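# Structural overview
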Amino acid sequence: MLDLNITLLFQLANFFIALIVLNILLIRPVRDIIKKRNGLMDDMASEADAFNAEAAEKLNHYEAELARARQEAGLTREEGRQSGLSEQQNIVGEAQQSARQLLAENRSALRGQAEAALNELRNGISDFSAKVGDRLLGNA
């Protein structure tokens, strides 16, 4: 069986002394390093979460700005199209007015020329009929 003698007490004392020395030299420093590392990991995780939140916020802001820019571009494009249509209508209206005016001027000029030609023919008819009468009477 077991003998309870003084060596057991020395071995127990050695064990507790070794435990205290190992605790002071090894276990406490390792425990402190693990605590620091866990704290560092927690800090890094919180920084990563903050970074992710900031990145998500920036992405949302970017998407909102992009949507706003697209909407403004659409409005600008529509305004440009409306402006172009109104300018086109103004130019076409001016061209039609100019064409009407030119057509009216040409018609009045043609009427004047036709009237002048008709008057000349009327004046020429009396001279022509007098000459024809003279020839008929002179030759008969």
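Here's what I pulled together on the structure shown here. Since the structure is predicted, the reported quantities are computational estimates derived from the model, not experimental observations.

This part covers the overall build of the protein chain. Each helix and strand counted, the protein chain has 1 helix and 0 strands in total. For the protein chain, whose C-alpha radius of gyration is 58 Å, the value lies well above the compact-globule estimate of 14 Å for 140 residues. Along the first, second and third principal axes, the C-alpha atoms of the protein chain reach 190 × 25 × 20 Å. Taken across its 140 residues, the protein chain has 0% of its residues classed as buried. Carbon and sulfur atoms form 61% of the exposed surface of the protein chain, whose accessible area is close to 13000 Å².

Taken together, the side chains of Ile17, Ile20, Val21, Leu22, Ile24, Leu25, Leu26, Ile27, Val30 and Ile34 present a nonpolar region at the surface, about 910 Å² in accessible area. Take Ile27: it is sitting in helix H1 (residues 6-139).

To continue, consider the packing of aromatic side chains. Per the counting criterion, the structure on display carries 1 aromatic pair. When the ring of Phe15 is compared with that of Phe16, the centres are 5.6 Å apart and the planes differ by 65 degrees; the resulting orientation is edge-to-face. Classification of Phe16 by relative accessible area gives partly exposed; the value is 47%.

Here we take up the pattern of salt bridges. In the structure shown here, the tally under the stated rule is 4 salt bridges. Linking Glu65 and Arg68 is a salt bridge whose minimum nitrogen-to-oxygen distance equals 2.7 Å. In this pair, Glu65 and Arg68 are both assigned in helix H1, 3 residues apart and thus about one turn of the helix distant. Under the relative-accessibility criterion, Glu65 is labelled partly exposed at 33%. On the accessibility criterion, Arg68 (38% relative accessible area) is partly exposed.

This brings us to the environment of Arg77. Relative to the elements of secondary structure, Arg77 occurs in helix H1. Each C-alpha atom, one on Arg77 and one on Glu120, is 63 Å from the other, the two residues being 43 residues apart in sequence.

Reading guide: rules and limits
- Residues numbered from 1 in each chain as written.
- Predicted model: local features only at pLDDT ≥ 70, side-chain atom pairs only at ≥ 80, totals over all residues.
- Heavy atoms only, no water.
- Helix = DSSP H or I, 4+ residues; strand = E, 2+ residues; numbered from the N terminus.
- Rg over C-alpha atoms; globule rule 2.2 N^0.38 Å.
- Buried < 20%, exposed > 50% of the residue type's maximum accessible area, 1.4 Å probe, protein only.
- Areas by Shrake-Rupley, 256 points an atom, 1.4 Å probe, with all protein chains shown as cover.
- Patch = residues over 30% accessible without salt bridge, like charges linked within 9 Å, V, L, I, M, F, W, Y side chains within 5 Å.
- Salt bridge = Lys/Arg side-chain N within 4 Å of Asp/Glu carboxyl O.
- Phe/Tyr/Trp six-rings, centres within 6.5 Å; stacked < 30°, edge-to-face > 60°.

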